[in-house]
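Inside the fold
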Amino acid sequence: MTSFAGWQMPLRYASETAEHQAVRHAAGIFDLSHMGEILVTGPDAGAALDYALTGHLSIVPVGRARYTMICAPDGGVLDDLVVYRRGEQEFLVIANASNTGVVLSSLAARASGYDATVADATSDYALIAVQGPEAVRIVAPLTDLDLAAMKYYAGAFGEVAGRAAWVARTGYTGEDGFELYVRPQDAEHVWTTLVSVGGAAGGAGAGGGAGGLIPAGLAARDTLRLEAGMPLYGNELGPDVTPFEAGLGRVVKFDKPGDFVGRQALAARAAAGPQKRLVGLTVDSRRIARHGYPVLLDGQIHGAVTSGAPSPTLGSPIAMAYLDASDGELTVGIRGATVPAHLTDLPFYRRSKEK
């Protein structure tokens, strides 16, 4: 166990490499109850979110989701979010645990001129994620929803293991899978039923093909999201970075009507172009390029590593870093040594079949 944003979280249950490989080849189950849930409801809920966030949430159909960001007036990222539209006047905003308070207060302030209510619903939910190519096969027998027909970034109300749930086809691993929002008092029953049924569904699955479900912790979650090129707030994202530096300018919807917080600063940054960009690195060493390590071009520092780890899938160390240039001999400073590295397109890993 480890302390994380005020919560005690499982770092690993047994082997983080085995947990990682289970998600890539079969399925893993994660306890993500630390994530923040914020309900925005009312006749103007969509319009309030259009103003508060970079995305165009008012046009999202009921039952669908969007990845978006909440930015400061200067364009810096306060958090990256997933927003589900669960009804015509109901949106569920998912925030990172460390930022839930900031997102909640910012949304409340920005919605003050709208007929909308912003409420912290974090204590109303436990969140269980089942991720991996076998996720549909494992979860489908336990729910009344047609999971095979559910689109990516969609969700619906239903039951899982006989308990009420909001079931969404979203995740943070680069694999197919589902996030199950249940009442806290139902979480243990849903978890143990999934592990019992899913664990008996096959072998560990590390060699590919059908396999069973095993619990996975934060360590595997981090290597999975890194391979998939997904940003982590506090590493790739923060108040000193705009979505454009992170290569996520697509989440800023300048074509939506009306103003939104950060529009002017983000438009200026989009016009000028980013001064640095997020890149992928593969490292020619068994040493790991960790967060904060310098990245050099022809011996001069031109950036820093934001995330780095050994990649169980690729079999070599990988990292993401911000660079302000790209021409020259690329190395990473690791514990007093300069280690050769190579620019690599993000993501490092992409599953073969997109839903």
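Anyway, here's the lowdown on the structure attached to this text. Each chain has its residues counted from 1, following the order in which its sequence is written. Per-residue local features are limited, in this predicted model, to residues with pLDDT of at least 70; the limit for side-chain atom pairs, both in listing and counting, is 80 or more; totals at the level of whole chains, interfaces and linings are taken over all residues. Neither water nor hydrogens contribute to the side-chain values; these are computed over all heavy atoms in the structure.

A short note on the overall build of the protein
Secondary structure assignment for the protein yields 7 helices and 19 strands. C-alpha atoms define the radius of gyration in this analysis, and the globule rule sets the expected value at 2.2 Å times the number of residues to the power 0.38. Over its C-alpha atoms the protein spans a radius of gyration of 21 Å, differing by no more than 12% from the 20 Å that the globule rule assigns to 355 residues. Along the three orthogonal principal directions, the C-alpha set of the protein runs to about 60 × 55 × 35 Å. Relative accessibility under 20% of the residue-type maximum defines a buried residue, over 50% an exposed one, and the middle range a partly exposed one, all with a 1.4 Å probe and only protein chains included. When each of the 355 residues of the protein is scored for burial, the buried share is 55%. Excluding contacts between residues fewer than 6 apart, the proportion of contacts in the protein whose partners are at least 24 apart in sequence is 66%. Total accessible area on the protein stands at roughly 14800 Å², and carbon and sulfur atoms take up 52% of it. Charge-centre separation for the protein: the mean point of 29 positive side chains lies 4 Å from the mean point of 37 negative side chains. In DSSP terms, a helix is any run of H or I states spanning at least four residues, a strand is any run of E spanning at least two, and both are numbered starting from the N terminus. Contacts were defined at the residue level, with two residues in contact if any of their heavy atoms lie within 4.5 Å. Methods summary: accessible areas were calculated by the Shrake-Rupley approach with a probe of 1.4 Å, and residue burial reflects only the protein chains presented. Only four residue types enter the charge count, namely Lys and Arg as positive and Asp and Glu as negative; His and the chain termini do not. Note on charges: their place is set at NZ of Lys, CZ of Arg, CG of Asp or CD of Glu.

Considerations on the sheet that holds strand β10 (residues 155-160)
Pairing between the strands of a sheet is mediated by backbone hydrogen bonds and can be parallel or antiparallel. Spatially, β10-β11-β12-β9-β3-β13 is the arrangement adopted by the 6 strands of the open sheet, whose pairing is mixed. Looking at the sheet topology across the chains shown, the edges are occupied by β10 and β13 (213-215). Going from strand to strand, the sheet's axes swing by 30° on average, the running direction of each strand aside. Pairing between strand β9 (residues 126-131) and strand β12 (residues 177-182): 6 bridges, direction antiparallel. Its bridge partner being in β12, Gln-131 is matched across the sheet by Gly-177. Here, strands pair whenever DSSP counts at least two bridges between them. Throughout, an axis means a line fitted to C-alpha atoms (over the contacting stretch in the case of helices), and angles, computed between N-to-C directions, take values from 0 to 180 degrees.

Let's talk about the sheet that holds strand β6 (residues 77-87)
What the 5 strands build is an open sheet, ordered β5-β6-β7-β4-β8; its pairing is antiparallel. This sheet does not close on itself; its edge strands, each paired only once, are β5 (65-71) and β8 (117-120). Direction aside, the axes of adjacent strands within the sheet are offset by 30° on average. Examined bridge by bridge, β6 and strand β7 (residues 90-95) share 5 bridges and lie antiparallel to one another. When the sheet's bridge partners are listed, Val-83 is paired in β7 with Val-93.

Structural notes on the side chain of Arg-85
Locating Arg-85 in the fold gives a position in strand β6. With relative accessibility at 9%, the residue Arg-85 sits in the buried group. We define a polar contact as two N or O atoms separated by no more than 3.5 Å, with the added condition that, inside protein, one atom must be a possible hydrogen donor and the other a possible acceptor, whereas residues neighbouring each other in sequence contribute only through side-chain atom pairs. Of note is the side chain of Arg-85, whose polar atom sits 3.0 Å from the backbone oxygen of Val-60. Not counting chain neighbours up to four residues away, the residues in contact with Arg-85 comprise Leu-57, Ser-58, Ile-59, Val-60, Pro-61, Val-62, Gly-63, Arg-64, Glu-90, Phe-91 and Trp-166.

Thoughts on the pattern of salt bridges
Any carboxyl oxygen of Asp or Glu within 4 Å of a side-chain nitrogen of Lys or Arg constitutes a salt bridge here. Inspection of the entire model under this criterion finds 13 salt bridges. We note a salt bridge from Asp-186 to Arg-163, for which the minimum N-O separation is 3.4 Å. Of this pair, Asp-186 sits in helix α5 (residues 184-199) while Arg-163 is found in strand β11 (residues 163-168), placing the two residues 23 residues apart along the sequence. One salt bridge connects Arg-225 with Glu-236, and the closest N-O pair in it is separated by 3.0 Å. In this pair, Arg-225 sits in helix α6 (residues 218-227) while Glu-236 sits in the loop between α6 and α7 (263-272), placing the two residues 11 residues apart along the sequence.

Points about unusual backbone geometry
Residue Pro-347 is bonded to the preceding Leu-346 through a cis peptide linkage, with omega at 0°. The topology assignment puts Pro-347 in the segment after β19 (337-344). Positive phi, close to 50°, is recorded for Ala-5, a residue that is not glycine. In this structure, Ala-5 sits in the loop between β1 (2-4) and β2 (7-9). One non-glycine residue, Tyr-153, lies in positive phi territory at about 60°. With respect to the helices and strands, the residue Tyr-153 is situated in the loop between α4 (135-139) and β10. Tyr-153 gets classed as buried once you look at its relative accessible area, which sits at 16%.

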